[in-house]
Amino acid sequence: MMFSPFGMVTARSTEPVKKYTLDEQRALAAKTVHKVRAFLLGASRFEARYADYPNDRISIESGGVVLAAAQLEAGVRYNVFWDYQGESGSDIAWKFRGDDGLASSICDMEDSMADDPNIGMPGNLLQMAASDWAQTFYDTIANYEMYGSVVKPSEPHPEPDPDHPPNHANPEHEDYDPDYEIEYPDYPTLVAAKWNSIFERVKTDEHDVECMFKHTRQGCLEPAGACPFKHTPSSSHSFADGGRRMPAMDVMDPYMYYKFWDSD
Ligand SMILES: [Zn+2]
């Protein structure tokens, strides 16, 4: 079990394996990539909701007030619409979470997706837009519109307090180490570097994004070489020593495992 911006998410590794036909896979992939590109190419909008009818579809059909991303307020619910190349849809009552902890939520999402038999890789953009993770997708889109980045660029890390230096940085402490450098994983920068380029690639070319089925338990049903989306071999992401993901994450850059997926 883990936490997401929307509350508790049960471990997805226990989810039943989804079975699609080839036609269903093609239709879902086409529908989803059009949705993703609607948001990246400006064929989408965020609308304020009518407070008197928070759950009433009438409020949607009568039209709402279109808002720029910069007008959204954290914690408030909005309606989201998209319409691109024949693919239109809406999500009602999406709660904008602002930038609070978004980078670490994306790390949690990647972890959850890696363990999900119906996704099978840490962070698949098409799966993100097609699943419950679409809520996080809209957050990244709002940031992308405001800052040109899926997460707000991070503030510089504060210098250690000179009056209370860590023991390793304190010449008067027995653990003092003159070569010691404090390192903080800079998740916003790491997440932005990975996901901004994923966004840029699919914005330019709708097929320059990892297939949403390749790494699932069922797999992509297209005949070999026929899938228009990227099929990165899983072996490209294995550690040379065959080590498992979690021990490797403990000793290495904790984001190392994630950042090479869908990276070119
Ligand atoms: Zn495929």
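What you see is a predicted model; the values in this text were computed from it and never measured. (Residues numbered from 1 in each chain as written. Predicted model: local features only at pLDDT ≥ 70, side-chain atom pairs only at ≥ 80, totals over all residues. Heavy atoms only, no water.)

Chemist: It is not clear to me how the packing of aromatic side chains should be interpreted in this structure. Could you clarify?
Modeler: What describes a pair of aromatic rings is the distance from one ring centre to the other and the angle between the planes of the rings. According to the stated counting rule, one finds 12 aromatic pairs in the structure shown. Between the aromatic rings of Phe-39 and Trp-82, the centroid separation amounts to 5.7 Å while the plane-to-plane angle is 45°, which identifies the pairing as tilted. With Phe-39 in helix α1 (residues 22–40) and Trp-82 in strand β5 (residues 77–84), this pair connects stretches of sequence that are 43 residues apart. Overall, Phe-39 belongs to the buried group, its relative accessible area being 6%. On the accessibility criterion, Trp-82 (8% relative accessible area) is buried. Taken together, the ring pairs in this structure connect Phe-39, Phe-46, Tyr-78, Trp-82, Trp-94, Phe-96, Phe-137, Tyr-138, Tyr-144 and Phe-199 into an aromatic cluster. The ring of Trp-82 has Lys-35 lying over it, and the distance from NZ or CZ to the ring centre is 4.2 Å. Positioned over the ring face of Phe-81 is Arg-45, at 4.4 Å from the centre of the ring. (Phe/Tyr/Trp six-rings, centres within 6.5 Å; stacked < 30°, edge-to-face > 60°. Helix = DSSP H or I, 4+ residues; strand = E, 2+ residues; numbered from the N terminus. Buried < 20%, exposed > 50% of the residue type's maximum accessible area, 1.4 Å probe, protein only. Lys NZ or Arg CZ within 6 Å of the ring centre and 35° of its normal.)

Chemist: For this particular structure, what's the right way to read the layout of surface pockets?
Modeler: Rolled over the atoms, a probe with the dimensions of a water molecule shows which regions are left empty. In this structure, the largest pocket spans a volume of roughly 250 Å³. Every residue lining the largest pocket is counted, 15 residues in all, and those nearest its centre are Lys-18, Asn-118, Gln-127, Ala-130 and Ser-131. The residue inventory of the lining of the largest pocket, partitioned by class, reads six nonpolar, four polar and five charged. Volume-wise, the second largest pocket comes out at about 180 Å³. Taken together, Phe-39, Leu-40, Gly-42, Ser-44, Arg-45, Phe-46, Leu-67, Ile-141, Tyr-144, Glu-145 and Lys-203 make up the lining of the second largest pocket. Sorting the residues of the lining of the second largest pocket by element identifies α1, β3 (44–47) and α5 (134–147) as the ones contributing at least two each. Residues that form the lining of the second largest pocket fall into these classes: six nonpolar, two polar and three charged. (1 Å grid on protein atoms, 1.4 Å probe; cavity = no way out; pocket = protein on both sides within 12 Å on 5 of 7 lines; lining within 4 Å. Points joined across faces, edges and corners; volume = space filled by probe spheres on them. Nonpolar A, V, L, I, M, F, W, Y, C, P; charged D, E, K, R; others polar.)

Chemist: Got a minute to help me understand the sheet that holds β5 in this structure?
Modeler: Each strand in a sheet pairs with another by means of backbone hydrogen bonds, the pair being arranged parallel or else antiparallel. In space, the four strands of this open sheet follow the order β4-β3-β5-β6, with antiparallel pairing throughout. This sheet does not close on itself; its edge strands, each paired only once, are β4 (66–67) and β6 (87–95). Here β3 runs beside β5; their pairing, made up of four bridges, is antiparallel. Across the sheet, the residue bridging to Ser-44 is Trp-82, located in β5. Its contacts with the sheet put α1 on β3, β5 and β6, and the angle it makes with β5 is roughly 110°. (Pairing = 2+ DSSP bridges. Contact = heavy atoms within 4.5 Å. Axes fitted to C-alpha atoms, helices over the stretch in contact; angles between N-to-C directions.)

Everything listed is a geometric property; what it means functionally is a separate question.
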